[in-house]
Amino acid sequence: MVRPVHAPNLPEQRPASFTPDSRQAWVRLLLALLIGSIGGVGMWAVVVVIPVVQTEFAATRAAVSLAFTLMMFGFGLGGVIAGKITDKFGIVPAMAISIAFIGVANVLAGLSTQLWQFVAAYFLIGLGTSATFAPLMAEASHWFERYRGLAVTIVASGNYVAGTMWPPLISEGMQTIGWRTTHIGIALVCVVLMTILVLVLRAQIGDDKVRNHANARPPQVDLKLSTNTLTVLLSIASISCCVAMAMPQVHIVAYCGDLGYGVARGAEMLSLMMACGIVSRIGSGYLADKIGGIRTLLVGSLAQGFALVFYLFFDSLTSLYLISAMFGLFQGGIVPSYAIIVREAMPASEAATRVGIVIFASVFGMSFGGWVSGVIFDATGSYAAAFANGVAWNALNVGIVLTLLIRSRMNAVKTGPGFAT
């Protein structure tokens, strides 16, 4: 009875069968990370060009920040669409559509003559960029078993690698060839490099089929909550932490410009923040394997709030570099923790859908946070109130996560010491 079940993996039937956690899996993972690092440019280009575009179109900070808001909305919506395409046709067709959107939309952004055209172009950029995050993470989860958590966090780090390498390049491009030509250059670079990488990935994947979770373990954490209730709570928590997260990530460049340090210094801080976020994001995978997703999320949320408070009291150039590094090191593991919690507390058959919903909520939080921080700045003339607003939203996140942790501990005691093993 055992041999027929495993027959598709027998050498005589599939000599080139893919083996999870193999060297080939790591090659695929490296390709996915590179694709995400290049395609993730759309999330960070708009942050760097906000001050210049505001001057170009004589607009308010809030009006220009709407480009980031719609980009993130496109990113969240596109993740759902690209995920469905990936489930039905595979990751390669989804990435092909992504490349087309990224290329065309960046050209449109560079050619825009009115602010609404620039904002609309960034919505399309968000749609294209979306395939480089959630769908790639889902795809990578099928390549690994033993190191699945680590693999997912590595792929998720692609957008932070993008946030590390792209802002300085875009800042330099704006100063030398202008923001419009820089966007057209981004289009060319992304189309060429991503096409090459996706073709190599396609050759690596071959005819392998996406495996299902029919034999996956049942939920390891019992919160005594329905999946719908838990999804709502995680979504609210995700929105809260990401509203707080958006303040430094979206406005640090403009903040440095307002303080007189220049947008180049702000771009460097954003790059430093993302570099430290890579360490945090991957490290959270190891931590979650030791203490679980809920505790990992709580650690990240408390640390993020701690870093935000420092922004309220220190604004010298040196202190901003240090705080930005600290903020990146603290917050990088927060978003992947939601996916880990879903996998721990919900049936595997619902994991992809539930993760998609929670990630969409995080995208909404980032987009709303970026926009509302601009509104607060326009109303008050400074970012102090915007940072305080971020701290308040972060506190809401901590409250929800603490509630989930208490419920998990109570139910673990009721069920017995072996429940969560």
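Attention in this report is confined to the structure presented alongside it. Within any chain, residue numbers begin from 1 and follow the written order of that chain's sequence. In keeping with the predicted nature of the model, local features appear solely for residues at pLDDT of at least 70, side-chain atom pairs appear and are counted solely at 80 or more, and the whole-chain, interface and lining totals rest on all residues. With hydrogens and water excluded, all non-hydrogen atoms of the structure serve as input to the side-chain values.

1. Let's talk about the environment of Y122
With respect to the helices, strands and loops of the structure, Y122 is situated in helix 6 (residues 115-129). A C-alpha to C-alpha distance of 7.0 Å links Y122 and A105, two positions 17 residues apart in sequence. Any pair of N or O atoms that falls within 3.5 Å is considered a polar contact. Within protein, one atom must be able to donate a hydrogen and the other to accept it, and sequence-neighbouring residues count only if both atoms are side-chain atoms. Within the structure, the side chain of Y122 is placed 2.6 Å from the side chain of H183, a separation counted as a polar contact. Put simply, DSSP H or I for four residues or longer makes a helix, DSSP E for two residues or longer makes a strand, and each gets a number counted from the N terminus.

2. Section: helix 4 (residues 61-89)
Compared with an ideal rise of 1.5 Å per residue, which puts 29 residues at 42 Å, helix 4 spans 41 Å between its outermost C-alpha atoms and is within 8% of the ideal. At any given residue, the bend is defined as the angle formed between two axes, one fitted to the seven residues that end at that position and one fitted to the seven that begin there. Maximum bend of helix 4: about 25°, positioned at G78. Residue T60 occupies the N-cap position of helix 4, its side-chain oxygen lying 3.1 Å from the main-chain nitrogen of A63. Taken from the residues just after helix 4, G90 is the one with a positive phi, measuring 105°. The span you would expect from a helix comes to 1.5 Å times its residue count less one.

3. Brief notes about a nonpolar patch on the surface
Taken together, V189, V192, L193, I196 and V200 make up a surface patch of nonpolar side chains, about 380 Å² in accessible area. For V200, the location among the structural elements is in helix 10 (residues 178-205). For patch detection, residues must exceed 30% relative accessible area and be free of salt bridges, and they are connected within 9 Å for like charges or within 5 Å for nonpolar side chains (Val, Leu, Ile, Met, Phe, Trp, Tyr). We get accessible surface area from the Shrake-Rupley algorithm with a probe of 1.4 Å; when it comes to residues, only the shown protein chains can shield them. Here, a salt bridge means any Lys or Arg side-chain nitrogen found within 4 Å of an Asp or Glu carboxyl oxygen.

4. Here we look at the environment of V47
Within the secondary structure, V47 sits in helix 3 (residues 42-57). Here the alpha-carbon distance between V47 and P167, two residues 120 residues apart in the chain, equals 8.3 Å. Should any heavy atoms of two residues lie within 4.5 Å, those residues are considered in contact. When sequence neighbours within four positions are dropped, the list of residues in contact with V47 reads F68, Q249, V250, V253 and L270.

5. Some words on the nonpolar core
Within this scheme, the nonpolar core is defined by two criteria: the residues are buried Ala, Val, Leu, Ile, Met, Phe, Trp, Tyr or Cys, and they are joined through side-chain atoms within 4.5 Å. Three exposure classes are used, based on accessible area relative to the maximum for each residue type with a 1.4 Å probe and protein chains only: buried under 20%, partly exposed in between, and exposed over 50%. In terms of nonpolar packing, the biggest core is built from 121 residues, with F118, Y122, W143, I170, L234 and Y311 touching the most fellow members. The greatest single-element share of this core, amounting to 15 residues, is contributed by helix 11 (residues 227-259). Residues in contact with Y311, not counting those within four places in the same chain, are P248, I252, Y255, M273, L320, I323, S324, F327 and F387.

6. Quick notes on the packing of helix 11 against helix 12 (residues 263-291)
Axes here refer to lines fitted to C-alpha atoms; in helices the fit is confined to the stretch in contact. Angles between the N-to-C directions go from 0 to 180 degrees. Put simply, helix 11 and helix 12 touch, their axes get as near as 6 Å, and they point 155° apart. Taken together, the axes of helix 11 and helix 12 lie roughly antiparallel to each other. Note on packing geometry: the crossing formed by helix 11 with helix 12 is right-handed. Judged by residue contacts, P248, Q249, I252, V253, C256 and G257 of helix 11 engage V263, R265, G266, A267, M269, L270, M273 and M274 from helix 12. Broken down by class, the residue content of the contact of helix 11 with helix 12 amounts to ten nonpolar, three polar and one charged. Oblique is the label for any angle not under 35 degrees, not over 145, and not in the 65 to 115 range, which are roughly parallel, roughly antiparallel and roughly perpendicular in turn. Handedness of a helix crossing follows the sense of rotation of the near helix relative to the far helix, less than a right angle counterclockwise being left-handed and clockwise being right-handed. Classification convention: Asp, Glu, Lys, Arg as charged; Ala, Val, Leu, Ile, Met, Phe, Trp, Tyr, Cys, Pro as nonpolar; all other residues, Gly among them, as polar.

7. Structural notes on the pattern of salt bridges
Counting across every chain of the model gives two salt bridges. Linking E56 and R180 is a salt bridge whose minimum nitrogen-to-oxygen distance equals 3.0 Å. One end of the pair, E56, is in helix 3; the other, R180, is in helix 10, with 124 residues separating them in the sequence. The exposure class of E56 is partly exposed, given its relative accessible area of 42%. Between R265 and E268 there is a salt bridge, and its shortest N-O distance comes to 2.6 Å. Of the two residues, R265 and E268 are both situated in helix 12; the distance of three residues between them amounts to about one turn of the helix. Given the relative accessible area of 28%, R265 is considered partly exposed.

8. Regarding the packing of aromatic side chains
Two aromatic rings are characterised by how far apart their centres lie and by the angle between their planes. Whether two aromatic rings pair depends on their centres lying within 6.5 Å, for rings of Phe, Tyr and Trp, where Trp uses its six-membered ring; planes under 30 degrees apart make the pair stacked, over 60 edge-to-face, and the rest tilted. Enumeration over the complete set of coordinates arrives at 17 aromatic pairs. Arranged with centres 6.2 Å apart and planes meeting at 10°, the rings of F364 and F368 form a pair that is stacked. One end of the pair is F364 and the other is F368, both in helix 16 (residues 351-380) and four residues apart, which spans about a single turn. Classification of F368 as partly exposed rests on a relative accessible area of 27%. Clustering of aromatic rings is evident, with ring pairs tying together Y255, Y311, F327, F377, Y383 and F387.

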